Amino acid sequence: MTTVSARPGAPARYHPWVVFCCRRAARLVVSLFVVVTASFAMIRLIPGDPVRAALGVDAPPDLVAAERHELGLDRSLPEQYVQYLPRLAHGDLGVSLVTGEPVAELVRARLPATLLLAVLAFGCVLVVALPGGVLAAVWTRGGRRPRTELVFTATTSVLAGVPDFVLAAGLTAGLAVALRILPAAGDLGSRSYVLPVLALALAPTAVLLRIVRVETLKVLATDYVRAARAKRLPAVRFHVCHVAPNALTASLTFAGNLLPALIAGTVLVEKVFAWPGIGSAMAQSVVAQDYAVVEASVLVLGSSVLLVNFLVDLALALLDPRSVIRKT
């Protein structure tokens, strides 16, 4: 869809939505190219011989040389990269040096477990942080309940500053080892999701709680909210209809970027809990210098993050009432 300029002879201008989507799509393509190049180059810059590591230190030199030639590792890095791109375009992710399993099958089997973990953690963050931040602001507005505010601020500050893998280790020691109320590792059913989801969700929940509370306090101090309060509306209707929608608009920008961060953060958490996801497979493959698995894992996780970021940009443009694109 195009709109024609009012000036005679002026070039036609594309609709703002078309320009916005094209720019975001171009940025996505460039970012994907960077991820592909980085996933290819970074593992090859690590010192060591992956073929020797896969075959063992006692493998005959002729066998090692033959394997390197078959995999194309005896060629220069640019030559390997030129050969890698066409194979990737056809969906060929290679074969694991350690197990001999096609990497595409490994990714297909493990990626759903990683995405499910990130989505569950993201849902927990939203369910707790959005209403929790609003309630915290209502309870502590105007200097009320200073002790509650102190506890809220101290708790969220501590949780926000603790890394995911430290939370994972602490939760395992407390709930799985000491109390033995939850499984310590592996996917053994629905109870196995509790610890990894908590480890992923606690820190982002604390950060989002603080952001929502601050935004809600700003809204509560505005004139139109005071006017709505003067109408003596029921408390639930007042906060749900007049306060929350205006307070959450800015918070959703941060919340929308949480899911990509949670997807990327599953690597260390999966390693701690021996979760059968793509993150734990990547961590094991880095140690074994399994080129194909590491490349595919970085590429899949990076592409997932970029794609979610692209969708978040579109969603925020639709949801933000101040967006020029939405007005158009």
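Residues numbered from 1 in each chain as written. Predicted model: local features only at pLDDT ≥ 70, side-chain atom pairs only at ≥ 80, totals over all residues. Heavy atoms only, no water.

As for the overall build of the protein chain
Part 1 of the reasoning: Counting its secondary structure elements, the protein chain contains 14 helices and two strands.
Part 2 of the reasoning: For the protein chain, long-range pairs separated by at least 24 residues make up 72% of all intrachain contacts whose partners lie at least 6 apart in sequence.
Part 3 of the reasoning: In the form shown here, the protein chain has an accessible surface area of approximately 18000 Å², with 67% of it arising from carbon and sulfur atoms. (Helix = DSSP H or I, 4+ residues; strand = E, 2+ residues; numbered from the N terminus. Contact = heavy atoms within 4.5 Å. Areas by Shrake-Rupley, 256 points an atom, 1.4 Å probe, with all protein chains shown as cover.)

What to know about the pattern of salt bridges
Part 1 of the reasoning: Applying the stated criterion across every chain, the model contains three salt bridges.
Part 2 of the reasoning: Between Arg 213 and Glu 149 there is a salt bridge whose closest N-O contact spans 2.9 Å. With Arg 213 in helix H8 (residues 194–220) and Glu 149 in helix H6 (residues 146–161), this residue pair connects regions lying 64 residues apart in the sequence.
Part 3 of the reasoning: Overall, the relative accessible area of 10% leaves Arg 213 in the buried class.
Part 4 of the reasoning: With a shortest N-O distance of 3.9 Å, Glu 215 and Lys 218 are connected by a salt bridge. Within this pair, Glu 215 and its partner Lys 218 are both found in helix H8, separated by three residues, close to a single helical turn. (Salt bridge = Lys/Arg side-chain N within 4 Å of Asp/Glu carboxyl O. Buried < 20%, exposed > 50% of the residue type's maximum accessible area, 1.4 Å probe, protein only.)

Observations concerning the packing of aromatic side chains
Part 1 of the reasoning: Inspection of the entire model under this criterion finds three aromatic pairs.
Part 2 of the reasoning: Seen in terms of ring centroids, Phe 40 and Tyr 81 are 5.1 Å apart; in terms of plane orientation they differ by 55°. Their pairing is tilted. Of this pair, Phe 40 sits in helix H1 (residues 16–44) while Tyr 81 sits in helix H4 (residues 77–89), placing them 41 residues apart in sequence.
Part 3 of the reasoning: Summarising the aromatic geometry, the rings of Phe 40 and Tyr 84 are spaced 5.3 Å apart at their centres and angled 35° between planes, so their arrangement reads as tilted. With Phe 40 in helix H1 and Tyr 84 in helix H4, this residue pair connects regions lying 44 residues apart in the sequence.
Part 4 of the reasoning: Accessibility expressed as a relative area gives 3% for Phe 40, which makes it buried.
Part 5 of the reasoning: For Tyr 84, a relative accessible area of 4% gives the class buried. (Phe/Tyr/Trp six-rings, centres within 6.5 Å; stacked < 30°, edge-to-face > 60°.)

Topic: unusual backbone geometry
A negative phi angle is the norm for most residues apart from glycine, just as the trans form is the norm for most peptide bonds.
Part 1 of the reasoning: Phi at Arg 180 is positive, roughly 55°, even though this residue is not glycine.
Part 2 of the reasoning: By secondary structure assignment, the location of Arg 180 is in the loop between helix H7 (164–178) and H8.
Part 3 of the reasoning: Note on Arg 180: relative accessible area 73%, which makes it exposed.
Part 4 of the reasoning: A positive phi is found at Ala 274, a non-glycine position, where the angle reads about 50°.
Part 5 of the reasoning: Position of Ala 274 among the secondary structure elements: in the loop between helix H11 (258–273) and helix H12 (278–288).

Topic: the UniProt feature "transmembrane region" (unreviewed entry) in the protein chain
Part 1 of the reasoning: As recorded in UniProt, the feature "transmembrane region" (unreviewed entry) lies at residues 25–46, 115–138, 150–181, 193–212, 258–278 and 298–319.
Part 2 of the reasoning: Its end C-alpha atoms 27 Å apart, residues 193–212 is made of 95% helix and 0% strand. (UniProt positions renumbered as here; feature names shortened; annotations may be inferred.)

Comments concerning H11
Part 1 of the reasoning: Taking 1.5 Å per residue as the helical rise, H11 with its 16 residues ought to reach 22 Å, and the 21 Å between its terminal C-alpha atoms agrees with that figure.
Part 2 of the reasoning: A maximum bend of about 40° is found in H11 at Thr 266.
Part 3 of the reasoning: A positive backbone phi angle near 50° is found at Ala 274, which sits one or two residues after H11. (Expected span 1.5 Å × (residues − 1). Bend = angle between axes of the 7 residues up to and from the residue.)

A few points about the environment of Ala 247
Part 1 of the reasoning: Position of Ala 247 among the secondary structure elements: in helix H10 (residues 235–256).
Part 2 of the reasoning: Sequence spacing of Ala 247 and Lys 218 is 29 residues, and the spatial spacing of their C-alpha atoms is 7.8 Å.
Part 3 of the reasoning: Ignoring any residue separated from it by four or fewer positions in sequence, one finds Ala 247 in contact with Glu 215, Thr 216 and Val 219.

Let's talk about the nonpolar core
Part 1 of the reasoning: If you look at the biggest cluster of nonpolar residues, it comprises 73 residues, and the most contacted ones within it are Tyr 84, Val 103, Val 107, Leu 208 and Ile 263.
Part 2 of the reasoning: Contact partners of Val 103, with chain neighbours within four places excluded, come to Leu 93, Gly 94, Val 95, Ser 96, Ala 292, Val 293 and Ala 296. (Core = buried A, V, L, I, M, F, W, Y, C linked by side-chain atoms within 4.5 Å.)

Description of the packing of H11 against H12
Part 1 of the reasoning: One can describe the packing of H11 onto H12 by two numbers: an axis separation of 7 Å at closest approach and a directional angle of 80°. By the angle between their directions, the pair H11 and H12 is classed as roughly perpendicular. Across the interface between the two elements, Val 267, Glu 270 and Lys 271 of H11 pack against Ile 278, Gly 279, Ser 280, Met 282, Ala 283 and Gln 284 of H12.
Part 2 of the reasoning: In terms of residue class, the contact of H11 with H12 is built from four nonpolar, three polar and two charged. (Axes fitted to C-alpha atoms, helices over the stretch in contact; angles between N-to-C directions. Parallel < 35°, antiparallel > 145°, perpendicular 65-115°, else oblique. Nonpolar A, V, L, I, M, F, W, Y, C, P; charged D, E, K, R; others polar.)

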